[in-house]
Structures are given as structure tokens and as C-alpha cells.
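Structure at a glance
One letter stands for each residue in the lines below.
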Amino acid sequence: MYEAYRKCYLESGKIPDKQMENMVLDYVFRKIDDAGIWIPDGEIYHYYHSMKNKLSKHLKKEFLIV
């Protein structure tokens, strides 16, 4: 999930917000499909929303964003 969040940041130059949420989740869903695993979509959405704050903090720490 962090890989998708980071990729979105690098492409857009800003921390992903609600409008960019689909971009992050599409990348995650593609990775899951490529791995051949089945995880209910609702679990992915729920996990993303619960981890969003941690992902943002990790990204800010990595790129020293204030």
C-alpha cells in the first residue's frame, strides 16, 4: 500500500488526497490481481482508510516534507 501511496506522490508532486484516492487504490488492486490473490474490495478500502494517516507520516518522513 505504501508503494502505491509513494508512487502517487512522485507522479503528482503532492501528498495524495481524496481525489487521488482512486489512483492509489487502482494500483493496489492491480498488484493484488497480478499476485493472483483474492481479497474482498471492502477490506482493501477499509485498510487504506485506516492506514492513511500512517502512510502520510511515513511519506513526510521519507521526503522531509513539512
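Structure shown above.
What comes next is a walk through the structure. (Residues numbered from 1 in each chain as written. Predicted model: local features only at pLDDT ≥ 70, side-chain atom pairs only at ≥ 80, totals over all residues. Heavy atoms only, no water.)

Turning to the packing of helix α1 (residues 2-12) against helix α2 (residues 21-35), a few remarks are in order. Interhelical geometry of α1 versus α2 gives an angle of 135 degrees and a closest axis separation of 9 Å. The pairing of α1 with α2 is recorded here as oblique in orientation. Taken as a pair, α1 and α2 cross one another with a handedness that is right-handed. Contacts from Glu-3, Ala-4, Tyr-5, Lys-7, Cys-8 and Glu-11 of α1 reach α2 at Met-23, Val-24, Tyr-27, Val-28 and Lys-31. (Axes fitted to C-alpha atoms, helices over the stretch in contact; angles between N-to-C directions. Helix = DSSP H or I, 4+ residues; strand = E, 2+ residues; numbered from the N terminus. Parallel < 35°, antiparallel > 145°, perpendicular 65-115°, else oblique. Left-handed = near helix turned anticlockwise from the far one by under 90°. Contact = heavy atoms within 4.5 Å.)

A few words on the nonpolar core. General note: in soluble globular proteins, nonpolar side chains tend to be found buried as a group. Tyr-5, Val-24, Ile-44, Tyr-48 and Leu-55 are the most contacted members of the largest nonpolar core, which has 17 residues in total. Looking at this core, the elements that each hand over two or more residues are α1, α2 and α3 (41-63). The element contributing the most residues to this core is α2, with 6 residues. (Core = buried A, V, L, I, M, F, W, Y, C linked by side-chain atoms within 4.5 Å. Buried < 20%, exposed > 50% of the residue type's maximum accessible area, 1.4 Å probe, protein only.)

So, about the pattern of salt bridges. Inspection of every chain in the model, using the stated rule, returns 3 salt bridges. The partner of Glu-62 in a salt bridge is Arg-6, with the nearest N and O atoms 2.8 Å apart. Separated by 56 residues along the polypeptide, Glu-62 in helix α3 and Arg-6 in helix α1 bring together distant segments of the chain. Looking at Glu-62, the relative accessible area reads 37%, which means it is partly exposed. Here Lys-52 makes a salt bridge to Glu-21, at a shortest N to O gap of 3.3 Å. In this pair, Lys-52 is assigned in helix α3 and Glu-21 in helix α2, connecting sequence segments 31 residues apart. Using a relative accessible area of 22% as the deciding quantity, one classes Lys-52 as partly exposed. Residue classification places Glu-21 among the buried residues on the basis of a relative accessible area of 13%. (Salt bridge = Lys/Arg side-chain N within 4 Å of Asp/Glu carboxyl O.)

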